[in-house]
Amino acid sequence: MNPDLENALTLLTRGGLVAFPTETVYGLGADASNGAAVSRIFSVKGRPLTHPVIVHIAHTNQMEQWACNIPESAYLLAERFWPGPLTLVLKRALGVSDIITGGQDTVALRIPAHHIALALLTAFGKGVAAPSANRYGRLSPTTAQHVLQELGDDVDMILDGGSCAVGIESTIIDLSGENAAVLRPGWIPIDQINATLGTTVIGATASSPRVPGAVHKHYAPKTPVILIDSKRLNDVVYRLIEQGERAAVLAYSSAPINSTLINWYGAAQTAAGYARTLYAMLREIDGLGCARIVVETPPQSFEWDGVNDRLLRAAASNED
Ligand code: TXA
Ligand code: MG
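Residues numbered from 1 in each chain as written. Chains lettered and ligands numbered in written order. Predicted model: local features only at pLDDT ≥ 70, side-chain atom pairs only at ≥ 80, totals over all residues. Heavy atoms only, no water.

A. Main features of the packing of aromatic side chains. Applying the stated criterion to the full structure yields two aromatic pairs. Ring geometry for Tyr-274 against Trp-304: centres 5.5 Å apart, planes inclined by 75°, an arrangement best described as edge-to-face. With Tyr-274 in helix H10 (residues 271-286) and Trp-304 in the loop between strand S15 (292-296) and helix H11 (305-316), the pair connects residues that are 30 residues apart, well separated along the chain. Neither Tyr-274 nor Trp-304 differs from the other in exposure class; each is buried. (Phe/Tyr/Trp six-rings, centres within 6.5 Å; stacked < 30°, edge-to-face > 60°. Helix = DSSP H or I, 4+ residues; strand = E, 2+ residues; numbered from the N terminus. Buried < 20%, exposed > 50% of the residue type's maximum accessible area, 1.4 Å probe, protein only.)

B. Quick peek at unusual backbone geometry. Of the consecutive residues Trp-82 and Pro-83, the connecting peptide bond is found in the cis state with omega at -10°. Here Pro-83 lies in the loop between helix H4 (72-81) and strand S5 (86-92). A positive phi angle is found at Asn-69, which is not glycine, with a value near 45°. Examined against the element boundaries, Asn-69 turns out to sit in the loop between strand S4 (67-68) and H4. Of the residues examined, Asn-69 reaches a relative accessible area of 66% and is grouped as exposed.

C. Just the packing of H10 against H11, in detail. Closest axis-to-axis distance for the H10/H11 pair is 9 Å, and the angle between their directions is 35°. In terms of crossing hand, the pair formed by H10 and H11 is left-handed. When H10 is examined against H11, the residues Ala-271, Tyr-274, Ala-275, Leu-278 and Tyr-279 are found in contact with a partner set consisting of Val-307, Arg-310 and Leu-311. For the contact of H10 with H11, the class distribution of residues is seven nonpolar, no polar and one charged. (Axes fitted to C-alpha atoms, helices over the stretch in contact; angles between N-to-C directions. Left-handed = near helix turned anticlockwise from the far one by under 90°. Contact = heavy atoms within 4.5 Å. Nonpolar A, V, L, I, M, F, W, Y, C, P; charged D, E, K, R; others polar.)

In structure tokens form, the structure reads like this:
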């Protein structure tokens, strides 16, 4: 066995924290059946204990260890999208601890599509609890270097799998209630989920399980972000220049404006390309010391839902 993998397994078995790559973002992993190890995830992230974590597994036959009353729809989605950027929220099985579920009666499960994650999960043979490997409320890491910048020595080991191919967190679908509901949009367009289920998934409702990742201030760089539509972009940027403000612009379709005060970035034109580079770009821009990040609103069609959701949350962070 690869020595890094062996080392990671030993650490997980002993209750250590191992950051590992997935196709979406890097996860901060611990043995999901070890309460003390999972608690350490919360203290390292600075994450409130009421926020549940996703349990990562290697095979669909492990679902029953964590969930009960699993509906047929869960197997349909698992068959179609796992391994992949999809998380299913199901009724928790007896004995699944409150630290995993945030005290709710549901548990979130996912099989990630990354060869290192799958090798780790298969060899470990048990569930690995893993939120994104960032401090609470911050941008998720999409490279091993980002994890190191975020967590430093607080993590026992970082498995390096290069840049994440998807770049934004998984789509979360709640199957614990009467109607399938999307709790967090991601890379998989909702029409594909609907087509697989043969129904229309609803948005989160008041009775849906809480998804604290859906709190407004989340996925945010330190620099304030404003989202501006293409029609107003030039006006806004010229006004900032007039005011002598240093700003970064993440443009989608607008032509660059030349000014020493402006750092201009052209975003990818496809939803997949945009998602893949979004967090790395925001992280880089965050290091420039600008007063503001101006993001030109990308298209609003289904496939852009995940990207638009993260941009809205990043922009919401300057409301409080
Ligand atoms: O792509 C991903 O999902 C990544 C990689 C590492 O797998 N993980 C991730 O984890 O984004 P985290 O903890 O940053 O976000 C997980 C989200 C949180 O918003 C959490 O509240 C929600 O999933 N969640 C976890 N368990 C839940 C449950 N039982 N019911 C409702 N939401 C849940
Ligand atoms: Mg997160």
